[in-house]
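So the chains spell out like this:
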Amino acid sequence: MGLLTNIGILYQCRPDGAQADVHPIRDAALAWEGDRITWVGPAADLPAGFDAGERWDAGGRLVVPGLVDCHTHLAFGGWRAEEFVAKLAGASYLDIARAGGGIASTVARTRAASTESLVARCRDHLREMAALGVTTVEAKSGYGLDREHELRLLDVYRTVQAQVPQTIVPTLLAAHTVPPEYRERRERYVDLVVDEIIPAAAARGLARFCDVFVEETAFSPAEGRRVLEAGLAHGLVPKIHADQITDTGGAALAAAVGAASADHLERVDDAGIRAMAAAGVVAVTLPLASLYLHQPPVAARRLIEAGVRVAVATDFNPGSAPSFHLPFAMTLAATLQRMTPSEVLKGVTSVAAAALRLDGTLGSLEVGKRADAAIIDAESIDHWLYHLRANACVGTLIGGRRV
Ligand code: NIG
Ligand code: FE
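To start, this report covers the structure provided alongside it.

**Concerning empty space enclosed by the protein**
Now for step 1: Scanning all chains against the criterion turns up two cavities of 30 Å³ or more.
Now for step 2: Around the largest cavity, the lining is made up of 14 residues, and of these H73, Y93, H176, N317 and S320 lie nearest the centre.
Now for step 3: Partitioning the lining of the largest cavity into residue classes produces four nonpolar, eight polar and two charged.
Now for step 4: Lining the second largest cavity are 13 residues, with H325, P327, W384, R389 and A392 sitting closest to its centre.
Now for step 5: Counting residues per element, the ones that place at least two in the lining of the second largest cavity are helix 12 (326-335) and helix 15 (381-386).
Now for step 6: Of the residues assigned to the lining of the second largest cavity, the class counts are nine nonpolar, three polar and one charged.

In structure tokens, the structure reads:
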């Protein structure tokens, strides 16, 4: 049993209401038992009996739901600083990919890495992410690109899950790009994903979602649909890397297959936005990737005005977003995408949880939900995103445990 008291403002961030509705409670208290929240509200209303266990003083600071990073490529070998510099000199992401760099170069480094080193790196990243207040992390495969190595990456996430306090949500992204050895017979690679990798990952319960990168240098919309429908047939919920560098109709495909989310969306058009709104697809925006690839920022205002829920995530990966600093991505979502700080906060809590179909169990501070929370040293959510610091998070609660 635990009780967090002396909270200046607690933001509940319930899934209901508009994107900007974060449900603040002043002078609040939060109680939990095991890994579940048992009471939340104004401290003055706290009933007797909730203060028998461990007490934690928030020092008058903010308390928010534990942050949810709903789009990362967490496990990979090596880095790609050389491409960062090449892009600054004018090379485009698509040029680099066509020359055999980009994702393919990380695939080679990932296949060569030992399983132990991949596990250790994920653990190190997750420890730093916990310090930033991040308590749930979606993690994609996609740097294996054959049956053995895609399943190995998902196995890495299963091993890591047993060693860290955060909730890890694994996604199969075997259709990240066509691996070099299949370049002359790409349909055979789609066959491999559909006939072997998806069934094997699903049979072993290694993934909850199936993702595909629909892009000129990756997969066509028709190939993407084939992969996502195969995933659905095996119980994997669709997600899409959509309309990032070119508009390929990815958002409309996400709507057509009932995807949980369409991610990136720098180039989404109005028809795609309307289709997402009608189908209830969450938009996952990744402002670090927009920044590093010199892409125009996502038109978040148009999405929100059309009634689409907008999440914000890091896209942490060695190419287009080499940072897992979610609070930095939050400030970028405000400055580049013109989301209000309240809209951004909902986008990294209950809306991000909705992108993972977990908004019934985490992502908001409500009785019965997972006891995941972060204490933020700022006077308001507005001030937090405005005054970007190395780390304004001074304490993280994960599953009812202080870490
Ligand atoms: O989400 N868009 C495709 N995949 C990644 C990039 C991965 C890489 O460059 O290694 C992304 O941006
Ligand atoms: Fe991505």
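**A short note on a nonpolar patch on the surface**
Now for step 1: Together, F84, V85 and L88 make up a nonpolar patch on the protein surface, roughly 290 Å² of accessible area in all.
Now for step 2: Position of F84 relative to the elements: it lies in helix 1 (residues 81-88).

**Some remarks on the side chain of S364**
Now for step 1: One can find S364 in the loop between helix 14 (350-355) and strand 14 (373-376).
Now for step 2: A distance of 2.7 Å separates polar atoms of two side chains, one belonging to S364 and the other to E366.
Now for step 3: Reaching out from S364, the side chain makes a polar contact with the side chain of K369 at a distance of 3.0 Å.
Now for step 4: Those residues in contact with S364 that lie beyond four places of it in its chain are Q12, C13, R14, P15, I37, P65 and K369.

**Quick look at the pairing of strand 10 (residues 237-242)**
Regular strands place side chains that alternate from one sheet face to the opposite one.
Now for step 1: Across the six residues of strand 10, six count as buried, placing the element largely inside the fold.
Now for step 2: Covered by surrounding structure in strand 10 are V237, K239 and H241 together with P238, I240 and A242, the residues of both alternating faces.
Now for step 3: By the bridge criterion, five bridges tie strand 9 (residues 209-213) to strand 10 in an arrangement that is parallel. Paired with C210 across the bridge in strand 10 is P238.
Now for step 4: Between strand 9 and its parallel partner strand 10, the chain crosses via helix 7 (residues 221-233), and the hand of that crossover is right-handed.
Now for step 5: Both strand 10 and strand 11 (residues 261-264) contribute to a ladder of four bridges, which runs parallel. Bridged to H241 within strand 11 is D263.
Now for step 6: Since strand 10 and strand 11 lie parallel, the crossover through helix 8 (residues 250-257) that links them has a hand, and here it is right-handed.

Quick notes on the rules
Residues numbered from 1 in each chain as written. Chains lettered and ligands numbered in written order. Predicted model: local features only at pLDDT ≥ 70, side-chain atom pairs only at ≥ 80, totals over all residues. Heavy atoms only, no water. 1 Å grid on protein atoms, 1.4 Å probe; cavity = no way out; pocket = protein on both sides within 12 Å on 5 of 7 lines; lining within 4 Å. Points joined across faces, edges and corners; volume = space filled by probe spheres on them. Nonpolar A, V, L, I, M, F, W, Y, C, P; charged D, E, K, R; others polar. Helix = DSSP H or I, 4+ residues; strand = E, 2+ residues; numbered from the N terminus. Patch = residues over 30% accessible without salt bridge, like charges linked within 9 Å, V, L, I, M, F, W, Y side chains within 5 Å. Areas by Shrake-Rupley, 256 points an atom, 1.4 Å probe, with all protein chains shown as cover. Salt bridge = Lys/Arg side-chain N within 4 Å of Asp/Glu carboxyl O. Polar contact = N/O pair within 3.5 Å; in protein donor to acceptor, adjacent residues only side chain to side chain. Contact = heavy atoms within 4.5 Å. Buried < 20%, exposed > 50% of the residue type's maximum accessible area, 1.4 Å probe, protein only. Pairing = 2+ DSSP bridges. Right-handed = clockwise from strand over helix to strand, strands pointing away.

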